[in-house]
Amino acid sequence: MNGTIRVGNLFGIPFYIHPSWFLVLGLVTWSYSSGLAAQFPQLSAGLALLLGLMTALMLFASVVAHELGHSFVAIGQGIDVKSITLFIFGGLASLEKESKTPGEAFWVAIAGPLVSLLLCGIVTAIGVTTAASGPLAAILGVLASVNLALALFNLIPGLPLDGGNILKAIVWKITGNPYKGVTFASRVGQIFGWVAVLSGVLPLLLFGSFGNFWNLLVGFFLLQNAGNAGQFARVQEKLTGLTAEDAVTLDSPIVSANLTLREFADERVISGQNWHRFLVTDDYGQLVGAIAVDNLRTIPTALWSETQVKEVMRPITESTTVQSDQPLLEAMQLLEQQKLSVLPVIRENGVLVGILEKAAIIQLLQSRTQPSPA
């Protein structure tokens, strides 16, 4: 997953760490251990470093708890959580699909900040009730303040932050259109991104100060991800109402199972068709397999006239097909998930309609974005 390292499962959810996380872990450990050593001179260097590492790990555990909040609510809605990943800017719970209603989307989005606020309250209560003092009080104070900051930062109303997803759900509820919610929240996210970039650039240009350099990184992160979310929402909206059959390639590469290899070669290969793989159908038009041009090499040329396509073809599993009435957006996501360039499109009775290509979907999108002639 883009260079991430899988470290195990959390409650059955695959857990990944981006290599940049280890850099952040080291910086946070060094920062807090230095702070503790300065605040409490009686601590040895080794103990201060150990406490700093423990603090850093508990902070990252708070980020994981935040993402688990999103995940458990999503699972409760029947949405599969593909993974949780820790990276330089925090954490990310990757969900299989969107919630079905704006209300459900709202609760998935707000669950993470609520967990962070709950942790802030619990840690604060522990500090007060135990009358903690010394390094322990300092660590509890850091944990409480960071969880509070994590909740408040994520409540900024712009994608890709939780607040942006909350805003998306609200606009979705008002307009009845989830894509308008994404578009609006992504624009707000871009505004906050530019504000963060300017707050990092201006001190650097005017005073030569790198004090707000982190704001610059966060700003670029918001700009990139908010822009991507908005662009994807526009694509989703254009595909709404379309099915896989609407994007089937005309004159798809289809051959009969009863053709001989000689007929197949003469009619489809030598005739100049550029396809390298053909779908095979039976007498009823149902998909039964696939044959590649390279498969001809496995049979001596002298036997082509007496060998039928069905004797050489390879079977096709149901997982590599898509139903003709399936929403085109879902079919496109299936192409991406399985890293395929084409998918056979079949009707409910197994009859083959044709092939669905990424290129055909892109062409369809372009045709729907072009202005109609006057």
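The rules behind these values
Residues numbered from 1 in each chain as written. Predicted model: local features only at pLDDT ≥ 70, side-chain atom pairs only at ≥ 80, totals over all residues. Heavy atoms only, no water. Helix = DSSP H or I, 4+ residues; strand = E, 2+ residues; numbered from the N terminus. Rg over C-alpha atoms; globule rule 2.2 N^0.38 Å. Buried < 20%, exposed > 50% of the residue type's maximum accessible area, 1.4 Å probe, protein only. Contact = heavy atoms within 4.5 Å. Polar contact = N/O pair within 3.5 Å; in protein donor to acceptor, adjacent residues only side chain to side chain. Pairing = 2+ DSSP bridges. Axes fitted to C-alpha atoms, helices over the stretch in contact; angles between N-to-C directions. Expected span 1.5 Å × (residues − 1).

1. Considerations on the overall build of the protein
- Per the secondary structure count, the protein includes 10 helices and 10 strands.
- On C-alpha atoms alone, the protein measures out to a radius of gyration of 28 Å, which is more than a quarter above the 21 Å that the 2.2 N^0.38 rule sets for 374 residues.
- Across its three principal axes, the protein shows a C-alpha extent of roughly 90 × 55 × 45 Å.
- Every one of the 374 residues in the protein was classed for burial, and the buried ones make up 42%.
- Looking at the protein alone, contacts between residues at least 24 apart form 61% of all its contacts between residues at least 6 apart.

2. What about the side chain of Ser33?
- Note on placement: Ser33 falls in helix α1 (residues 19-39).
- In this structure Ser33 comes out as buried when scored by relative accessible area, which is 8%.
- Within polar-contact distance, the side chain of Ser33 engages the backbone oxygen of Thr29 at 2.9 Å.
- Ignoring any residue separated from it by four or fewer positions in sequence, one finds Ser33 in contact with Ala48, Leu49 and Gly52.

3. Thoughts on the sheet that holds strand β8 (residues 322-323)
- Spatially, β8-β9-β10 is the arrangement adopted by the 3 strands of the open sheet, whose pairing is mixed. Of all strands in the sheet, those with a lone pairing partner are β8 and β10 (352-357), marking the two edges.
- As paired elements, β8 and strand β9 (residues 342-346) share 2 bridges and run parallel to each other. Counterpart to Val322 in the pairing with β9 is Val345.
- Taken strand by strand, helix α9 (residues 328-337) contacts β8, β9 and β10, and its axis lies near 140 degrees from that of β9.

4. Description of α1
- The terminal C-alpha atoms of α1, which comprises 21 residues, lie 31 Å apart, in line with the 30 Å expected from a rise of 1.5 Å per residue.
- Along α1, the positions that sit buried rather than exposed are Ser20, Trp21, Val24, Leu25, Val28, Thr29, Ser33 and Leu36.
- Contact partners of the buried residues in α1: β2 (13-17), α2 (45-76), β3 (81-87) and α4 (134-154).

5. With respect to the sheet that holds strand β1 (residues 5-10)
- In spatial order, the strands read β1-β2-β3-β4; together these 4 strands make up an open sheet with mixed pairing. Both outer strands of the open sheet, β1 and β4 (90-95), are each paired with one neighbouring strand and no more. Strand-to-strand twist across the sheet, computed as the mean angle between neighbouring axes with direction ignored, equals 25 degrees.
- Pairing between β3 and β4: 6 bridges, direction antiparallel. The residue bridging Leu86 from the neighbouring strand is Gly91, located in β4.

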